[in-house]
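Chain by chain, the residues:
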Amino acid sequence: MKTAANYDFNGKRALIRVDFNVPLNSEFQITDPTRINAAMPTINKIIADGGSVVLMSHLGRPKEGPEDKFSMKHLIPYLKEVTGKEVKFGEDCIGEEAFELSANLQPGEILLLNNLRFYKEETKGNEEFAQKLAKHGDVYVNDAFGTAHRAHASTTIVAQYFAEGEKMFGLLLGKEIEAMDKVLKESKRPFTAILGGAKVSGKIQIIENLLEKADNIIIGGGMMFSFVKALGGKIGNSLVEDDYLELARMTMKKAADKNINIYIPVDAIEADAFDNNANRKEVAADAIDDNWMGLDIGAKSMADIEEILMESETILWNGPMGVFEMENFAAGTRFVAETVAKATANGAFSLIGGGDSVAAINKYELKDKVSYVSTGGGAMLEYIEGKELPGIKAIRG
Ligand code: AMP
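Draft legend 1. Inspection of the domain arrangement of the protein chain at higher detail. By domain assignment, the protein chain separates into domain 1 (4-174) and domain 2 (187-384). Spacing between the C-alpha centres of domain 1 and domain 2 amounts to 37 Å. Domain 1 puts 4 residues into the contact, and the matching count from domain 2 is 8 residues. At the boundary of domain 1 with domain 2, total buried surface from both sides reaches about 500 Å², with 66% on carbon and sulfur atoms. For the pair domain 1 and domain 2, the number of links is 0 salt bridges.

Structure, rendered in structure tokens:
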């Protein structure tokens, strides 16, 4: 793979698309710098090689032209702190002044360009705009996985203005792709995918794609009840998408034809209200009482899932098993998080992706006990749906 790891940046100006879309408070201080920290290995590598760095990103959703609250200048104090360097600032990312700053950048220096989305040309993937951005660097590095599924000027189009050997993935994006390919393209068998969350409709394409790759597909969360209902079970007031029952049935048939095990939980924790303090009962998943709803998986299902996971060599987890935001319905999600960690200690490769499963892994402090936690929500989902991401294609071809 073409990554910053195997390129010598000595004397080069690297134009890096980073994801610095960080949350700011009312005083414009960064409340969570995770995304900036994640780009530091790439920045440090380039500077250590003797190169210079031009950083470009979007921040928030500016509507029409520049807005002070979305200015990248708010990031400068933190960037100075983590790099230990002065940070030059290009107020207008394609303005005269910015080009002068990038043209005169010396090895070890950093230039931050202002919010790319102050130009609507960015999200439109405008070629002229991308060509102008390209003038800021001798080489192009894409380290922004969160936007790799968008054919924007800075994430995709800009790459066409750099020669083959002069465009590459940053260290963060390189690792993301490697982890996803380990699961989707080079998976060791058995490969088990655990899919949870609210809706079948949001996950159906992933299931379709995994029918070509996985050995086991474990379904949990609210979406399991569409499968239970499709099989003729009683689901009370549980979450259901009636429009998807036929598709759920077809998916189960396809899986059976291909000898793929689709595991639907056999028991559930039902509640008489969508409330942490509601009355709770453990029941068969296909015998939810009238006016009650299933909000978590039960003990027998957890034991079954453990058995499948402990025999797996590759694990992909996306989506919670229940309403884990409520303590009384978090047990299934916590159990899956802990069991994925246990299977990883046992030698399996595990990839966790999607906002809620990542939140669960962090909440239970298991981040270091799984193989990889993906940072790109939408981009990761599209990749596991089997789509080709334009930002990745632009570099990998
Ligand atoms: P998604 O964005 O589709 O991955 O769904 C995540 C959401 O699904 C979380 O907020 C969970 O609380 C919710 N969820 C998980 N299980 C259930 C369930 N059994 N009933 C209702 N919501 C659920």
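The structure having been displayed, the exposition proceeds.
Draft legend 2. The arrangement of the packing of aromatic side chains in detail. Within this structure, the stated rule accounts for 3 aromatic pairs. Consider the rings of Tyr119 and Phe129, whose centres lie 5.3 Å apart with planes at 35 degrees: the pair is tilted. Note that Tyr119 is positioned in the loop between strand E4 (110-113) and helix H4 (120-124) and Phe129 in helix H5 (residues 127-134), a separation of 10 residues in sequence. You can call Tyr119 partly exposed: its relative accessible area is 23%. Here Phe129 falls in the buried class, since its relative accessible area comes to 3%. Positioned above the aromatic ring of Phe99 is the side chain of Lys135, whose terminal nitrogen or guanidinium carbon lies 4.5 Å from the ring centre. Between Lys281 and the ring centre of Trp292, over which it is positioned, the NZ or CZ distance is 4.6 Å.

Draft legend 3. Fine view of the site of the ligand. Around the ligand, 14 residues are found, and the nearest of them are Ala198, Gly222, Gly294, Glu325 and Asp356. In the environment of the ligand, an oxygen atom lies 2.9 Å from a nitrogen or oxygen atom belonging to the backbone of Ala198. Between the ligand and the protein, one listed contact pairs a nitrogen atom with a backbone N or O atom of Gly294 at 3.0 Å. For the ligand, whose free accessible area comes to 510 Å², the fraction covered by protein is 77%. Among the detected pockets, the ligand sits in the second largest pocket. Split into classes, the residues belonging to the shell around the ligand amount to 5 nonpolar, 5 polar and 4 charged.

Draft legend 4. Seen up close, the side chain of Arg17. Here Arg17 is to be found in strand E1 (residues 13-17). The class for Arg17 is buried, based on a relative accessible area of 0%. A distance of 3.2 Å separates a polar atom in the side chain of Arg17 from a polar atom in the side chain of His58. A distance of 2.7 Å separates a polar atom in the side chain of Arg17 from a polar atom in the side chain of Ser154.

Draft legend 5. Structural view of the environment of Val82. Here Val82 is to be found in helix H2 (residues 76-83). For Val82, a relative accessible area of 30% puts it in the partly exposed group. If near-sequence neighbours (up to four positions away) are discounted, Val82 is found in contact with Asn37 and Met40.

Draft legend 6. Seen up close, the pairing of strand E13 (residues 314-318). The buried fraction of E13 is high, at 5 of 5 residues. Judged by which residues are buried, E13 turns out to be covered on both faces: Thr314, Leu316 and Asn318 on one side and Ile315 and Trp317 on the other are all buried. Examined bridge by bridge, strand E7 (residues 191-195) and E13 share 5 bridges and lie parallel to one another. The residue of E13 that forms the bridge with Ile194 is Trp317. As defined by bridge partners, E13 adjoins strand E14 (residues 349-352) across 4 bridges and the pair is classed as parallel. Of the residues in E14, the one forming a bridge with Leu316 is Leu351.

How each quantity is defined
Per chain, residues are indexed from 1 in the order of the written sequence. Confidence filtering applies because this is a predicted model: local features only for residues at pLDDT of at least 70, side-chain atom pairs given and counted only at 80 or more, and all residues used for totals across whole chains, interfaces and linings. For the side-chain quantities, the full set of heavy atoms in the structure was used; hydrogens and water were omitted. Domain start and end points were adopted from an automatic or database domain assignment. Here, residues are in contact when the closest pair of their heavy atoms is within 4.5 Å. For any pair of parts, buried area is found by adding up, for both, the accessible area (1.4 Å probe) each one loses once the two are put together. One speaks of a salt bridge when a side-chain nitrogen belonging to Lys or Arg is within 4 Å of a carboxyl oxygen belonging to Asp or Glu. Between 30 and 60 degrees the pair is tilted, below 30 it is stacked and above 60 it is edge-to-face, where a pair is any two Phe, Tyr or Trp rings, Trp via its six-membered ring, whose centres lie within 6.5 Å. Segments assigned H or I by DSSP are reported as helices when at least four residues long, segments assigned E as strands when at least two residues long, and all are numbered from the N terminus. Here's how the labels work: a residue is buried when its accessible area is under 20% of the maximum for its type, exposed when over 50%, partly exposed in between, all with a 1.4 Å probe on protein chains only. For a ring to carry a charge above it, either NZ of a lysine or CZ of an arginine must fall within 6 Å of the ring centroid while also lying within 35 degrees of the normal to the ring plane. Whether a residue is near a molecule or strand is decided by its heavy atoms; if any one of them lies within 4 Å of it, the residue is near. Under this definition, polar contacts are N or O atom pairs within 3.5 Å; protein pairs additionally need one hydrogen-donor-capable and one acceptor-capable atom, and for neighbouring residues in sequence, both atoms have to be side-chain atoms. Using a 1.4 Å probe, accessible areas were evaluated by the Shrake-Rupley method; residue-level cover was limited to the displayed protein chains. Buried and open spaces are told apart on a 1 Å grid over the protein atoms alone, a cavity being a set of points where a 1.4 Å probe fits but cannot get out and a pocket being an open set with protein on both sides within 12 Å along at least five of seven lines. Residues with an atom within 4 Å of a point are the lining residues. By definition, a pocket or cavity contains a molecule when more than half of the molecule's atoms lie within 2 Å of the pocket's grid points. Each residue gets one of three labels, nonpolar for Ala, Val, Leu, Ile, Met, Phe, Trp, Tyr, Cys and Pro, charged for Asp, Glu, Lys and Arg, and polar for the others, Gly among them. Between any two strands, at least two bridges found by DSSP are needed for them to pair.

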